[in-house]
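What follows is each chain in one-letter form.
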Amino acid sequence: MSLGKNEVPIIITIDMEWAPGYAVRWMVERLWENSVKATFFATDLAEIDYIRQFPELFELGIHPNFLPGSDHGETTEEVLEFCMKLVPEAVSMRTHCLVQSTPILRKALDLTPIENDCSLLLPFTPNVSGHKLYLGAARPLNRFPFVWEDDVTQMTPGVDWSLGCMPAQDKYLMVNFHPLTVYLNDARGESYRNLKKANPKIGNTPKEAADKLISSGPGPQKTFLEIIAAAKNNSAMVKELGGTL
Ligand SMILES: [Zn+2]
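Before going into details, it helps to say that this report is about the structure given with it. Keep in mind that this is a model prediction, so the values were computed, not measured.

Take helix 3 (residues 76-86) next. Along helix 3, the residues that are buried comprise Val79, Leu80 and Cys83. Buried residues in helix 3, looked at end-on, bunch into an arc of 95°, giving them a common side. Among the exposed residues of helix 3, those oriented more than 90 degrees off its buried face are Glu77 and Lys85. Looking at the packing, one finds that the buried side of helix 3 touches strand 3 (58-62) and helix 4 (102-111).

Okay, the nonpolar core next. Core analysis: the largest hydrophobic core is formed by 57 residues, its most contacted members being Ile11, Ile12, Phe40 and Met174. Not counting chain neighbours up to four residues away, the residues in contact with Met174 comprise Ile11, Thr13, Cys118, Phe144, Phe146 and Val147.

The residue Phe124 is located in the loop between strand 5 (116-117) and strand 6 (131-133) in this model. Residue class for Phe124 comes out partly exposed when judged on the 15 C-beta atoms lying within 10 Å of it. On a C-alpha basis, the gap between Phe124 and Thr156 in space is 9.9 Å, while along the polypeptide they are 32 residues apart. When sequence neighbours within four positions are dropped, the list of residues in contact with Phe124 reads Val147, Trp148, Val159 and Pro167.

Rules of the game
Residues numbered from 1 in each chain as written. Predicted model: local features only at pLDDT ≥ 70, side-chain atom pairs only at ≥ 80, totals over all residues. Buried ≥ 20, exposed ≤ 12 C-beta atoms within 10 Å, placed from the backbone. Helix = DSSP H or I, 4+ residues; strand = E, 2+ residues; numbered from the N terminus. Arc of directions from axis to C-beta. Contact = placed C-beta atoms within 7 Å. Core = buried A, V, L, I, M, F, W, Y, C linked by C-beta atoms within 7 Å.

These values are about where atoms sit, not about what they do.
Written out as structure tokens, the structure is:
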């Protein structure tokens, strides 16, 4: 299996998405038992302390929700403050639903210690690069585009769940997973939608209800396990990418 012509670091990121603890822990355990690094973008307190037990493997970043009705706050300032209280050590972020603007990014620079932003999705695009974005703040923002994520793959015609569909990279390969999507091996998004209908507060979804909807066959869980195998000995966290700029 080839992920490109060169051996580039694989950056596994996980948007935690208010997911139930068992779904997050399932991912942590698979990563830990293979000594593969990852960056978790946290949305709430669930499992944060568990992830903190493995600082050599896992980075915790923030996943601020700037959508209307956000449980992180009403204004950009409130949302950033809430998220930094959740993860005071965070230096990396990806915004929920990739909501972004230059004013939002500038405020992240002015009001937080965030150095790295991963809110740019360039799906299935080869050879992307990190870059510095200057917004008039005291320092630039390091931006690292990512090229693959599970929920976009669900909706993209002409691709399947094989690693062969991941675009070749010459700097790094950053991919993104969501805990319940992976836990359910949800290739079309239907299992998640059904669970959410029955449990609007998705973090409270009973494990037995989720377990009944786990799919077999090609899907995000299989891809997650394959990318872990590919990332053995060659994984990195987002915060380690600064040196590539
Ligand atoms: Zn999100």
